[in-house]
Amino acid sequence: MQITFKVYRKDPEKDGKPGRSNYSVELDEEATVLDGLLKIRDEMDDTLAFRASCARGYCGECTMRVNYKACFACTAKVSAFTKKSPEILLDPLRNIPVIKDLVFDWDAFMWNKITAVKPWLEPDESSTNGENLLPDSTMADLRKVMSCYYCGLCDEGCTVLPVDFDFLGPAALTKAYRFVFDPRDKAGRERLKIAEKPKGIWDCVHCFEASEHCPRGIAPTERIISIRDKAFKVGITNEKVARHHTSFAASVKESGWLDEGRLALESEGLTNIKGLMKLLPTAARAMARGKAPIPYLHPKRPGAEQIKKIFEKGEREKK
Amino acid sequence: MKYAFYPGCVSRGGCPELYPSAVKVSAKLGIELEEMKDVACTGAGVLPQDISDPINARTFAKAEQLGLPIMTICSTCQGVMAQANYRLTSEPEYRAKINREYLADEGLEYKGTTEVKHLLWILFEDYGLDRLKSQIQRPLKGLRVSPFYGCFLRRPPEAITPTKELSRRKNYLDELIEILGAELADISGKGKCCGFPILSANEENSLAMAAKHTGEAKEKGADCMVTPCPLCHLNLDGNQPRAEAQEGKEIGLPILHLPQFLGLALGFEPGEMSLKRHIVSTQTVESKVSMLA
């Protein structure tokens, strides 16, 4: 079948302006997008830049967007994308600095962020005699996370990265999980502090896009939630988030449901005059529409005592 | 048709226009509601799972005693409860532990049979589209509407779209807009996050998200946006003026709650759906609606 690839082009050594090149290629029914790209480079245009390595969906090198859908060029069958039209659009991943054509800056996109979470084990040497083996049941969960092959699809799907490129992102935070939950690691609290820094776990909106995009079923969103739950248990170190979570928990524990007015005030901090002033215009607008929740005048729900008991038991469990 | 109604905190707090609209619309449709009053907040993804799962198990056990499925009117309540219910029903040992350690004290036991459904799902899966169409008194012709789902009404798949048939849930709001006679102004961000969950942790990013989605709808010529999630509403409507100021652009997009939008098509007047309680003026929507029969 005859396919026209419309490929994103950008050459920093020329004018650096993005554009597209069209290549018409004859391919068989079973061909993949990578087959097409290799044919173009071998036979038509050796200036076309793209990355690829294993060619069997394992290394994550050839991640790109095919008709705007992020996937691996080596496992994307051309026939799956040409049902409506014999044209295929190829683009680099979104929101990432492009080096040339389909080659983007992996360091800025992911590797620098993975380095930032200290991706190595700091073993507690004192408790071992040369080896520190874990039972298979403990390793099974970590092994799942370790099966990540850094393809970048979770970061591509992330909702936060398009508005803030400096967010650590699901790939790096999933790497953080791998060490936060390794019982042999002695960095413990320090690791949580790194994950809790601005642009870390608390900037995640837990929208589950990352989990939906992960081709390995590693569930990066759930991993980030687990790190947050752990931080909640041992004490959140990000001050503003700590105030927010403490207030949220306190109002549900005391009354069974959320006191939104109180949450807004206490998240800013009751002594933080500047922060409280900032709330005024929003509060005034809401009040003008008769809808600003009044803080602290918050009746208990029936059953609140039982909720409190559950809370207290849950809190005892965590210690 | 009868449901154990779980209104959530925000429908009576930050978005008090939502609760009465939902109650009125349900009554008009003939959906009978028994409100659950002695149950707690779901935890909203803020409380850790080992506290929120027992609290939600208690809610499910109470509904089970009533012999009713739960109806929610909030994507966040729906998502958090559906995720908890997925864990509690797919792992019987986990459920048994929660029953033993948390619920037995109150003489409760969750057997794992409670269904939790958002009003939007109920319309499609229980109520039926033919019956719904027969109730439309004012087709919303000429109104251009963008959908905004709230993340938790679309993901994660195991709890929200567990079968191929139910993957259609990802499209219900788009479908409903057209069923009610309005025009769909589709946006790429309809299934993304509104930014509300990080309003406290990173306000700048949160407002940037709100501006992005409302701005996109405006560019697509939408008269308004409709959302089944009051938390999305808090950010997209309540914080729209701040998002506009931060991003330096005027947006002015009215955001309707799902029951309000539905109510207008069922013949309710804008006043009956409390549209005046919104932060962003809904005047353009009201004018268009008043010109319809």
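Computed from a predicted structure; not experimentally measured. (Residues numbered from 1 in each chain as written. Chains lettered and ligands numbered in written order. Predicted model: local features only at pLDDT ≥ 70, side-chain atom pairs only at ≥ 80, totals over all residues. Heavy atoms only, no water.)

A. Fine view of the state of the cysteines. This structure, assessed with the given rule, holds 0 disulfides over all chains. For the unlinked cysteine Cys207 of chain A, the closest cysteine sulfur is that of Cys151 of chain B, found at 4.9 Å. As a non-bridged cysteine, Cys193 of chain B has Cys151 of chain B as the owner of its nearest cysteine sulfur, 4.4 Å distant. (Disulfide = S-S within 2.5 Å.)

B. Highlighting the pairing of strand E1 (residues 2–9) of chain A. Residues and elements named next belong to chain A. As paired elements, E1 and strand E2 (residues 19–26) share 8 bridges and run antiparallel to each other. Within E2, the position partnered with Phe5 by the bridge is Tyr23. Of the pairings in the sheet, the one linking E1 to strand E5 (residues 87–91) comprises 4 bridges and is parallel in character. For Lys6, the partnering residue across the bridge sits in E5 and is Leu89. (Pairing = 2+ DSSP bridges. Helix = DSSP H or I, 4+ residues; strand = E, 2+ residues; numbered from the N terminus.)

C. Molecular detail of unusual backbone geometry. Look at the link from Arg155 of chain B to Pro156 of chain B: it is a cis peptide, with omega at -5°. By secondary structure assignment, the location of Pro156 of chain B is in the loop between strand E5 (144–147) and helix H7 (157–160). The phi dihedral of Asn95 of chain A is positive, around 55°, even though this residue is not glycine. Considering the arrangement of structural elements, one finds Asn95 of chain A in the loop between E5 and strand E6 (98–100). Positive phi, close to 60°, is recorded for Ala219 of chain A, a residue that is not glycine. Looking at the element boundaries, Ala219 of chain A is found in the loop between helix H7 (209–213) and helix H8 (220–234). Assessed through its relative accessible area of 19%, Ala219 of chain A is described here as buried. (Buried < 20%, exposed > 50% of the residue type's maximum accessible area, 1.4 Å probe, protein only.)

D. The sheet that holds strand E8 (residues 255–257) of chain B, seen in detail. In spatial order, the strands read E6-E5-E7-E8 (chain B); together these 4 strands make up an open sheet with parallel pairing. Of all strands in the sheet, those bounded by a partner on one side alone are strand E6 (183–184) and E8 of chain B.

E. Up close: the environment of Glu317 of chain A. Along the chain, the position of Glu317 of chain A falls in helix H12 (residues 304–318). Exposure remark for Glu317 of chain A: the relative accessible area of 43% places this residue in the partly exposed category. Considered as a pair, Glu317 of chain A and Val7 of chain A are 310 residues apart in the sequence and their alpha carbons are 56 Å apart. Every residue in contact with Glu317 of chain A, bar those within four places of it in the chain, is listed here: Lys97, Glu101 and Tyr102 of chain B. (Contact = heavy atoms within 4.5 Å.)

F. Structural context of the pattern of salt bridges. Taken as a whole and judged by the stated rule, the model has 49 salt bridges over all chains. Within this structure, Lys240, Glu268 and Lys278 of chain A together with Glu203 and Arg242 of chain B form a network of salt bridges that share partners. (Salt bridge = Lys/Arg side-chain N within 4 Å of Asp/Glu carboxyl O.)

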